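# Summary of the model geometry
Given next are the chains, with one letter for each unit.
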Amino acid sequence: MQALLARSPVIPVVAIEDAAAAPALARALLAGGLSVIEVTLRTDDALAAVAAIARDVPDITVGAGTLTTAGQVDAARDAGARFLVSPGYSDAIVEAAEHAGLSLLPGVSTATELMRAQADGFDHVKFFPAVPSGGIGALNAFSGPFPAMRFCPTGGVHSGNYLDFLQLPNVPCVGGSWLTPADAVAAGDWSHIETLAASAAEGRR
Ligand SMILES: O=C(O)C(=O)C[C@H](O)[C@H](O)COP(=O)(O)O
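Residues numbered from 1 in each chain as written. Predicted model: local features only at pLDDT ≥ 70, side-chain atom pairs only at ≥ 80, totals over all residues.

### What about the overall build of the chain?
- Broken down by element type, the chain carries 10 helices and 9 strands.
- Taking 17 Å as the expected radius of gyration for a compact globule of 205 residues, we find that the chain reaches 16 Å, a close match to that expectation.
- Taken over the C-alpha atoms alone, the chain extends approximately 45 × 40 × 25 Å along its principal axes.
- Here the chain holds 205 residues, and the buried ones make up 41% of them. (Helix = DSSP H or I, 4+ residues; strand = E, 2+ residues; numbered from the N terminus. Rg over C-alpha atoms; globule rule 2.2 N^0.38 Å. Buried ≥ 20, exposed ≤ 12 C-beta atoms within 10 Å, placed from the backbone.)

Right under this line is the structure:
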């Protein structure tokens, strides 16, 4: 997971309604300089979108997000997902991901969940929902008892605050949906998405 997160300090989190548009969306993000994409398993077309990106845009690393059940793990792997993201911490998902041989970024928002993640050997976690759960203040507080843990804050992160998160020593990357606004995706406005991706890749607000 560390190597994967090092590839991209900003991970676009995308809900795709139409799998046919997924490769063009992925190409726009890649053209802007982002090389990782997380497709949320929230839409009917999500697995087909993962498969289309894996097949047609091999230069972007595609992962599946919003995993809430262990049963989704094999489906995501079979579609071509190269990593998995979960909004919470689930022993069943941890076990299934290990069995599937895929890296998992599990979600945590409390010290108790961090202790479970740490005991299971994780050194990278998603901090979700980042802003409602305390944002930068919480991440600074976690750095005391969990000095080795690295966080990918997601949930409420946007162009106006992502650089503040990335300045923290325990934050190698952030995730968010701000790079792929639903109206731009629906309209197929790939140049707008490329512009947003380029701003994020270059560390501009
Ligand atoms: O679907 C998931 O797996 C989630 O955990 C939630 C997403 O990561 C956030 O919805 C992205 O947050 P926003 O950038 O605030 O839209």
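### Observations concerning the packing of helix H2 (residues 22-32) against helix H10 (residues 190-201)
- With their axes 7 Å apart at the nearest point, H2 and H10 run at an angle of 35° to one another. Classified by chirality, the crossing of H10 by H2 is right-handed. Contact with H2, carried on its side by Ala-24, Leu-25, Ala-28, Leu-29, Ala-31 and Gly-32, involves Trp-190, Ile-193, Glu-194, Ala-197, Ala-198 and Ala-201 of H10 and no other residues of that element.
- For the contact of H2 with H10, the per-class residue count stands at 10 nonpolar, 1 polar and 1 charged. (Axes fitted to C-alpha atoms, helices over the stretch in contact; angles between N-to-C directions. Left-handed = near helix turned anticlockwise from the far one by under 90°. Contact = placed C-beta atoms within 7 Å. Nonpolar A, V, L, I, M, F, W, Y, C, P; charged D, E, K, R; others polar.)

### What to know about unusual backbone geometry
- Between Phe-128 and the following residue, Pro-129, the backbone shows a cis peptide bond with an omega angle of -10°.
- On the secondary structure map, Pro-129 appears in the loop between strand E7 (124-127) and helix H7 (135-142).

### Concerning the nonpolar core
- Counting 65 residues, the largest nonpolar core has Leu-25, Leu-29, Val-50, Ile-53 and Leu-84 as the members making the most contacts within it.
- Excluding residues within four positions of it along the chain, Leu-29 makes contact with Pro-12, Leu-34, Ile-37, Ile-60, Leu-179, Ile-193 and Ala-197. (Core = buried A, V, L, I, M, F, W, Y, C linked by C-beta atoms within 7 Å.)

### A few points about the site of the ligand
- Around the ligand, 15 residues are found, and the nearest of them are Thr-66, Pro-87, Thr-154, Gly-176 and Ser-177.
- A class-by-class count of the residues in the shell around the ligand yields 6 nonpolar, 9 polar and no charged. (Near = placed C-beta within 6 Å.)

### So, the confidence of the model for the chain
- Averaged over every residue, the pLDDT of the chain is 97; the share at 70 or more is 100%.
- Scoring the predicted complex yields pTM 0.96 and, for the interface, ipTM 0.93. (pLDDT = per-residue confidence, 0-100.)

### Here we look at the sheet that holds E7
- Strand order in this open sheet of 3 strands is E6-E7-E8, and the pairing throughout is parallel. Of all the strands in the sheet, just strand E6 (107-108) and strand E8 (150-153) have a single pairing partner and so form its edges.
- Pairing analysis gives 4 bridges linking E7 to E8, with the strands arranged parallel. The partner of His-124 across the bridge, within E8, is Arg-150. (Pairing = 2+ DSSP bridges.)

### Side note on the pairing of strand E3 (residues 61-65)
- Summarising burial for E3: 4 of the 5 residues are buried, a large majority.
- Looking at chain direction, strand E2 (residues 36-40) and E3 are connected through 5 bridges and run parallel. Note that in E3 the partner of Ile-37 across the bridge is Val-62.
- The parallel pair E2 and E3 is bridged by helix H3 (residues 46-56), and the resulting crossover is right-handed. (Right-handed = clockwise from strand over helix to strand, strands pointing away.)

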